[in-house]
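A structural walkthrough
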Amino acid sequence: MVNRPSGTHATAGPGSSAFRVLVVDDDPKVLSSLVAILGDDFDVQSTDSAKRALTLIEIAIADANPFHVVCSDWQMPGMDGLEFFREISQQVDWPSVSCILMTAHPEELVDKVEWGDRKTLGFVRKPFAPEQFVARVRHYASIAEMKRGIRALHVAARNVR
Amino acid sequence: MSSGWRDPLAAVERAYLLDRSTSLLRHDVRNKLASIRNMAFYLSKRVGKSALASEDARIELFLRQIDTEVTAADDLFEHFSTFSRTLHVRIKEPVSTGAAIAVAVDSARASTVGVAIAIDAEEATIQIDASEYALAIRCVFENALEAVHLEGTVEIVGRVTPNGYRIEVHDSGQGIAQPDEAFREFFTTKAGHIGLGLNIARNIAKRYGGQLQIATRDEGALVVLQVSP
């Protein structure tokens, strides 16, 4: 049993889809504004720290309702966004999830980040266009869903053999 | 120790200070702009089609203008950031480690009165930007001079390593109580300082594939500047 950590929020907007999104940012205003713009289209949960986010992901997996997309700020106290995503990428047994790193870093720093893992990683530079961000989250959610489908097919094929 | 009018590292230090300050500001400002833009988008979706919006056309106009103004502010900041990053043109060239240490020590702005300075540096030539390297050494050296408070010793040891060059600066001061905090930008325990010296040294070390490490010893502090250009 994994307990839900404090400092986390769940929001399901009026038109929220089956796609589940976790948003992580230590800036409370950025966090609440992200939840607001995503809430109409997705089932959104949010938290202000990467450590708490890892617990939320574990809870979601234990509940058989994993997140499709995790959006995280890069610069955060304690575990930063990139370390957080590396942690996710090392969990090979977890269902596929797409990760979007939100950053105010200049592009040349973003280009230097190496990401050779199997999880999908995207970058958005703050301040991004909200409408495009929502579309991007939807696209990444579809990728995670598709990867899960492929994985399920592989498992089924192995069982048949 | 500096005796002349001209500080040979002033330009590169100014460029670094401006770049670091801009970088910190950029992060904070962009977070604020992101919130404003997201909130305006949300309000636009909620209010944009309401009766209130149809009564007063300025509501939709202003919400749109918030978005365009945020974009314009971000662009302005980006131009300034680009400008600040280009103030110092880096030139990687063969640099004598002995000469770099000499420039750093000679141009240090902290008083050396009452301080015994010992230098034991192996001579080598490394490919690096001369001004940046000397600035990094000076930042570490000045930190050591200030730590001994006009009474004590500062020892600089330079050695060739398999992949670069290591400079150890050992002082006989009180040691660094919070080594992790020492790298936090604008954190200082010294009056009249802005708290960027060791941070600048670390950034330069990282730029050249190295690192800056801090250790407190029985007597004083040891700061190690490793570059692997």
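In this report, we go over the structure that sits alongside the text. (Residues numbered from 1 in each chain as written. Chains lettered and ligands numbered in written order. Predicted model: local features only at pLDDT ≥ 70, side-chain atom pairs only at ≥ 80, totals over all residues.)

**Focus: the overall build of chain B**
Across its full length, chain B holds six helices and seven strands. Going residue by residue from the N terminus, the α and β elements of chain B occur as α-α-α-β-α-β-β-α-β-β-α-β-β. Taking 2.2 N^0.38 as the reference for a compact globule, 229 residues should give roughly 17 Å; the C-alpha atoms of chain B span a radius of gyration of 24 Å, well beyond that estimate. Going through the 229 residues of chain B one by one, you find that 34% of them count as buried. In chain B, 73% of the contacts between residues at least 6 apart in sequence involve partners at least 24 apart. (Helix = DSSP H or I, 4+ residues; strand = E, 2+ residues; numbered from the N terminus. Rg over C-alpha atoms; globule rule 2.2 N^0.38 Å. Buried ≥ 20, exposed ≤ 12 C-beta atoms within 10 Å, placed from the backbone. Contact = placed C-beta atoms within 7 Å.)

**Structural notes on the interface of chain B and chain A**
Taken together, the 15 residues of chain B in the interface contact 15 residues of chain A. Top contributing element to the side of chain B that touches chain A by residue count: helix 1 (residues 10–47) of chain B, with 12 residues. Here the residues of the side of chain B that touches chain A are counted per class, giving six nonpolar, five polar and four charged. (Nonpolar A, V, L, I, M, F, W, Y, C, P; charged D, E, K, R; others polar.)

**Structural notes on the pairing of strand 5 (residues 164–171) of chain B**
Residue and element names in this part refer to chain B. Both strand 4 (residues 152–161) and strand 5 contribute to a ladder of eight bridges, which runs antiparallel. What sits directly across from valine 157, in strand 5, is glutamate 168. What sits between the antiparallel neighbours strand 4 and strand 5 is a turn of two residues. Pairing of strand 5 with strand 7 (residues 221–227) involves seven bridges; the strand directions are antiparallel. In the strand pairing of strand 7, valine 169 is matched with valine 223. (Pairing = 2+ DSSP bridges.)

**Thoughts on the packing of helix 4 (residues 97–106) of chain B against helix 5 (residues 130–148) of chain B**
All names here are of chain B. The geometry of helix 4 relative to helix 5 is characterised by a closest axis approach of 8 Å and an angle of 50° between their N-to-C directions. By the angle between their directions, the pair helix 4 and helix 5 is classed as oblique. Between helix 4 and helix 5 lies a crossing of right-handed hand. Only Ala130, Tyr133, Ala134, Ile137, Arg138 and Phe141 of helix 5 make contact with helix 4, whose side of the interface consists of Ala100, Ile101, Val103, Ala104 and Val105. (Axes fitted to C-alpha atoms, helices over the stretch in contact; angles between N-to-C directions. Parallel < 35°, antiparallel > 145°, perpendicular 65-115°, else oblique. Left-handed = near helix turned anticlockwise from the far one by under 90°.)

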